[in-house]
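Residue-level listing of the chains:
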Amino acid sequence: MKLGIIYYTHGGHTHEMAECIAEGIQSKDVEVRLFSLNEQLDENYLNECAGIIFGTPTYVATSHWRVIEWLTKDRTIKLGGKLGGCFATAHYAQGGSDSAIMSLVGILVTKGMLVYSGGSALGKPFIHHGPVALDAVGNHFEESKELFKTFGQRFADKALELF
């Protein structure tokens, strides 16, 4: 099974969290590749994926325009029927990271993706819409790495269950 992570990063934090998610996915013996929107994406690989996770830094309480632009353009990459997930990075807890994730969720649903949420059904740690890492709140960014790995493991488990 193949999974992909597509993200935009400005200062490297979103990339770092994408790597943590990938580590969690790989722990389930599932193939995963990361794709920065600053680079060429392997469309053949992404079309073969059972699921794709999208990552964004939070800007003005929403997703970065590069992620939204990529998702809303017509492409040869088919998203319909795939498992979809989201994550965000932000500076502060009230910075709008949940709004950023939910702005992506709406697009994923419109594209026909099955949006993943473990909600509270899997117990702690609860990851409802997707994990968030905050870089200006104490040690939250570093402490969030385990949460992101857990999200990757759970996402891979659900993909294996569905596909």
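Residues numbered from 1 in each chain as written. Predicted model: local features only at pLDDT ≥ 70, side-chain atom pairs only at ≥ 80, totals over all residues. Heavy atoms only, no water.

- By the naming in an unreviewed UniProt entry, the chain is NAD(P)H dehydrogenase (Quinone), taken from Candidatus Enterococcus ferrettii.

Points about the pairing of strand 1 (residues 2-7)
On a regular strand, each side chain points to the face opposite its neighbour's, so the side chains alternate between the two faces of the sheet.
Stage number 1. For strand 1, the buried fraction is high: five of the six residues fall into the buried class.
Stage number 2. In this sheet, strand 2 (residues 31-36) lies alongside strand 1 in parallel orientation, the contact comprising six bridges. Along strand 2, the bridge assignment pairs Ile5 with Leu34.
Stage number 3. What joins strand 1 to strand 2 is helix 1 (residues 13-26), and the crossover it makes is right-handed.
Stage number 4. Bridge count for strand 1 against strand 3 (residues 51-59) is five bridges, and the pairing is parallel. (Buried < 20%, exposed > 50% of the residue type's maximum accessible area, 1.4 Å probe, protein only. Helix = DSSP H or I, 4+ residues; strand = E, 2+ residues; numbered from the N terminus. Pairing = 2+ DSSP bridges. Right-handed = clockwise from strand over helix to strand, strands pointing away.)

Here we look at the UniProt feature "domain: Flavodoxin-like" (unreviewed entry) in the chain
Stage number 1. Those residues carrying the UniProt feature "domain: Flavodoxin-like" (unreviewed entry) are residues 3-156 in this numbering.
Stage number 2. For residues 3-156, helix accounts for 38% and strand for 23%, while the C-alpha atoms at its two ends are 8 Å apart. (UniProt positions renumbered as here; feature names shortened; annotations may be inferred.)

Looking at the nonpolar core
Stage number 1. Residues Ile6, Leu46, Ile52, Phe54, Trp70 and Leu71 are the most contacted members of the largest nonpolar core, which totals 26 residues.
Stage number 2. Those elements that place two or more of their residues in this core are helix 2 (43-48), strand 3, helix 3 (65-72), strand 5 (83-90), helix 4 (97-110) and strand 7 (132-134).
Stage number 3. Element by element, the count of residues in this core is highest for helix 4, at five residues.
Stage number 4. Residues in contact with Ile52, not counting those within four places in the same chain, are Gly4, Ile6, Leu46, Leu79, Lys82, Leu83, Gly84, Gly85, Met113 and Phe155. (Core = buried A, V, L, I, M, F, W, Y, C linked by side-chain atoms within 4.5 Å. Contact = heavy atoms within 4.5 Å.)

Re the environment of Ile127
Stage number 1. Here Ile127 shows up in the loop between strand 6 (114-115) and strand 7.
Stage number 2. Judged by its relative accessible area of 4%, Ile127 is buried.
Stage number 3. For the pair Ile127 and Phe151, spaced 24 residues apart in the sequence, the C-alpha separation amounts to 7.4 Å.
Stage number 4. Excluding residues within four positions of it along the chain, Ile127 makes contact with Ser117, Gly118, Gly119, Leu147, Thr150, Phe151 and Arg154.

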